[in-house]
Amino acid sequence: MDRITVAAAAGSYPVLIGNGAIEALGREMDAARLGKRRILVSSERIWDFHGARFRTIGADKTPILIEDGERYKNLNTVARILDALVKAQADRSTVIVAVGGGVIGDMVGFSAATYLRGLPIVHVPTTLLAQVDSAIGGKTGVNHPLGKNLIGSFHAPSLVVADPVVLETLPRREFRAGLYEVIKYGVISDPTLLDRIRDSVTAIFNRDGDAVAPLVAASCRIKAQVVSADERESGLRRILNFGHTVGHALEAVTKYKQFRHGEAIGYGMLAALAIGVARGVTPKSLYEEVESLITQLGPLPSVADISTKDVIAAIGRDKKVVNGTLHFIAAAERGKTVELTDVTEKEIKAALKKIGLRA
Ligand SMILES: NC(=O)c1ccc[n+]([C@@H]2O[C@H](COP(=O)([O-])OP(=O)(O)OC[C@H]3O[C@@H](n4cnc5c(N)ncnc54)[C@H](O)[C@@H]3O)[C@@H](O)[C@H]2O)c1
Ligand SMILES: [Zn+2]
């Protein structure tokens, strides 16, 4: 079992990672001196698969079950969670335990942040993406009809428990989507992750706990380090945006329907690498290495019908543009990044063409 500590303004919190970690959940909550009243929030589907694992944590018998999936990530669903908390007479000492992917984590996190101005929350992420990314760092929120994650708050969890055993039931496409984020951590910080994925791809896809747990642990360690140093994304946290400038734009122009987030990041990383190679800051060998890893994981949805112009326009509207400057994270050598603030439209265009978009 790995234990990592994340430093947050509101106090530091542990992240427990490993096969069987959920079995320690009740004990860990006691050790963290979290209240005895515990309310679980999850979705029907996840609860059917994994609800039985939470019998021993001393939570209310009836969990709050909500719809999950991106189209339910909105204020209506948050209102339903809040209603259920009011009905259950949750008070300041009640602990919320969110069991689910990033959508559940973000919505339940936001509900916990606002109910009675803040209840403690424990995250038990059940997708690979949530384990390596969204459960750590304290960003919560929901979508607005006019934009993704426009409404939200920072609310650091009190504990995160990432147990690869729950990933066994995750649809292959969702699992794969999480792996692109693991590749991201490999490129920006820990190149041994790239070696691990390449050398044990079959065991990883078989959800072999011994192959998956080290990926989760190494990724969490990087996310934990980065958010500990920069909780509010003023500088360092930006390295986590590697691949996300183009990735977010691809998601936006396809209305979040064509790609799983990680898949868009797969393309986004290739575009970022291509820009770096063209500039001479990224070794060509790294582009080739990541390209072949991504190919090894399987085909990505096509980008051939997406217009370069639309993607460039979407990049201009991105949150990563600060005071008119695009802070673009490029790869340097394996495990290192460099921030570029003068990437031109022409360079982005060339990269988009290279990864297969139409003019
Ligand atoms: N807060 C952050 O820092 C942060 C970071 C990255 C992403 N996010 C957010 O995360 C969301 C995406 O999260 P996601 O990729 O986990 O998607 P998700 O939460 O929509 O889950 C994907 C699907 O997998 C199902 N599922 C979840 N766990 C399962 C399991 N163990 N077995 C079987 N099925 C399971 C869900 O029911 C859902 O249908 C986005 O809304 C994104 O904005 C937040
Ligand atoms: Zn991401």
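In the block above lies the structure referred to throughout.
Here is a short report on the structure shown in this document. Predicted model only: the values in this text are computed from it and were never measured. (Residues numbered from 1 in each chain as written. Chains lettered and ligands numbered in written order. Predicted model: local features only at pLDDT ≥ 70, side-chain atom pairs only at ≥ 80, totals over all residues. Heavy atoms only, no water.)

### Describing the side chain of Thr140
And then number 1: Looking at the element boundaries, Thr140 is found in strand E7 (residues 139-144).
And then number 2: Residue contacts for Thr140: discarding those within four places in its chain leaves Asp106, Gly109, Phe110, Ile151, Gly152, Ser153 and His155. (Helix = DSSP H or I, 4+ residues; strand = E, 2+ residues; numbered from the N terminus. Contact = heavy atoms within 4.5 Å.)

### Describing the site of ligand 1
And then number 1: Residues in close proximity to ligand 1 total 26 residues, the closest being Asp68, Gly102, Thr126, Thr127 and Thr169.
And then number 2: Note that an oxygen atom of ligand 1 is positioned 2.8 Å from one of the side-chain N or O atoms of Glu70.
And then number 3: Measuring from a nitrogen atom of ligand 1, one finds a side-chain N or O atom of Thr126 at 2.7 Å.
And then number 4: Notes on ligand 1: free accessible area 880 Å², of which the protein chains cover 90%. (Near = heavy atom within 4 Å. Polar contact = N/O pair within 3.5 Å; in protein donor to acceptor, adjacent residues only side chain to side chain. Areas by Shrake-Rupley, 256 points an atom, 1.4 Å probe, with all protein chains shown as cover.)

### Comments concerning the environment of Ala59
And then number 1: Structurally, Ala59 is set in the loop between helix H2 (44-50) and strand E4 (64-66).
And then number 2: According to the relative accessible area criterion, Ala59 is partly exposed, its value standing at 21%.
And then number 3: Through-space distance from the C-alpha of Ala59 to that of Ile39 is 5.5 Å; in sequence the pair is 20 residues apart.
And then number 4: With near-sequence residues (within four places) excluded, Ala59 lies in contact with Arg38 and Leu40. (Buried < 20%, exposed > 50% of the residue type's maximum accessible area, 1.4 Å probe, protein only.)

### What to know about the coordination of the zinc ion (ligand 2)
And then number 1: The protein atoms donating to the zinc ion (ligand 2) are Glu181 (OE), His244 (NE2) and His261 (NE2), with metal-donor distances spanning 1.9 to 2.1 Å.
And then number 2: Motif for the zinc ion (ligand 2), donor spacing along one chain: E-x62-H-x16-H. With Glu181 in helix H6 (residues 172-188) and His261 in helix H11 (residues 261-279), the pair connects residues that are 80 residues apart, well separated along the chain. (Donors = N, O, S within 2.8 Å, 3.2 Å for Na, K, Ca; no water.)

### Some words on the sheet that holds strand E5 (residues 95-100)
And then number 1: In spatial order, the strands read E1-E2-E9-E6-E5-E3-E4; together these seven strands make up an open sheet with mixed pairing. Edge positions in the sheet fall to strand E1 (2-6) and E4, since each has one partner strand and no second. Direction aside, the axes of adjacent strands within the sheet are offset by 15° on average.
And then number 2: On the sheet, helix H4 (residues 102-114) packs against strand E3 (38-43), E4, E5 and strand E6 (121-125) and is oriented at approximately 165° with respect to E5. (Pairing = 2+ DSSP bridges. Axes fitted to C-alpha atoms, helices over the stretch in contact; angles between N-to-C directions.)

### Topic: the packing of aromatic side chains
And then number 1: Per the counting criterion, the structure on display carries three aromatic pairs.
And then number 2: Between Trp47 and Phe54, the ring centres sit 5.7 Å apart and the planes meet at 20°, which makes this aromatic pair stacked. Like Phe54, Trp47 is buried.
And then number 3: Taking the ring centre of Phe205 as reference, the NZ or CZ of Arg172 above it sits at 4.0 Å.
And then number 4: For Arg207, the ring lying beneath its charged end belongs to Phe175, and the centroid distance is 4.2 Å. (Phe/Tyr/Trp six-rings, centres within 6.5 Å; stacked < 30°, edge-to-face > 60°. Lys NZ or Arg CZ within 6 Å of the ring centre and 35° of its normal.)

### A closer look at H4
And then number 1: Counted at 1.5 Å a residue, the expected span for H4 with its 13 residues is 18 Å, and the 18 Å between its end C-alpha atoms agrees.
And then number 2: Burial analysis of H4 places twelve of its 13 residues in the buried class, which makes it a mostly covered element.
And then number 3: Buried residues of H4: Gly102, Val103, Ile104, Gly105, Asp106, Met107, Val108, Gly109, Phe110, Ser111, Ala112 and Ala113, and no others.
And then number 4: At the exit of H4 stands Leu116, carrying a positive phi of roughly 50°. (Expected span 1.5 Å × (residues − 1).)

### Brief notes about unusual backbone geometry
And then number 1: With a phi close to 50°, Asn149 is a non-glycine residue in the positive phi region.
And then number 2: Looking at the secondary structure, you find Asn149 in strand E8 (residues 147-154).
And then number 3: The phi torsion at Tyr256 lies on the positive side, around 60°, for a residue other than glycine.
And then number 4: Mapped onto the elements, Tyr256 comes out in the loop between helix H10 (244-253) and H11.
And then number 5: Judged by its relative accessible area of 36%, Tyr256 falls in the partly exposed class.

### Side note on the pairing of strand E2 (residues 13-17)
And then number 1: Taking burial as the measure, the five residues of E2 include four buried ones, the bulk of the element.
And then number 2: As judged from the five bridges shared by E1 and E2, these two strands associate in the antiparallel manner. For Arg3, the partnering residue across the bridge sits in E2 and is Leu16.
And then number 3: Between E1 and E2, which pair antiparallel and follow one another directly, the connecting turn spans six residues, one of which, Gly11, has a positive phi of 120°.

### Overview of the packing of H6 against helix H12 (residues 284-297)
And then number 1: Two elements in contact, H6 and H12, have axes separated by 11 Å at closest approach and are oriented at 165°. With respect to their mutual orientation, H6 and H12 come out roughly antiparallel. Note on packing geometry: the crossing formed by H6 with H12 is right-handed. Note on element contacts: H12 touches H6 through Leu286, Val290, Leu293, Ile294 and Leu297, opposite Arg176, Leu179, Tyr180, Ile183 and Val187.
And then number 2: Split by residue class, the contact of H6 with H12 holds nine nonpolar, no polar and one charged. (Parallel < 35°, antiparallel > 145°, perpendicular 65-115°, else oblique. Left-handed = near helix turned anticlockwise from the far one by under 90°. Nonpolar A, V, L, I, M, F, W, Y, C, P; charged D, E, K, R; others polar.)

### Overview of the side chain of His123
And then number 1: Along the polypeptide, His123 turns up in strand E6.
And then number 2: Discounting chain neighbours no more than four positions away, the residues touching His123 are Ala98, Gly105, Ala135, Pro157, Leu159, Val160 and Val161.

### Overview of the pairing of strand E9 (residues 159-162)
And then number 1: Of the two faces of E9, both are covered, the one formed by Leu159 and Val161 as well as the one formed by Val160 and Ala162.
And then number 2: Across three bridges, the pairing between E2 and E9 is parallel. When the bridges of E9 are listed, Leu16 appears paired with Val161.
And then number 3: Where E6 and E9 come together, two bridges link them in parallel fashion. When the sheet's bridge partners are listed, Val122 is paired in E9 with Leu159.

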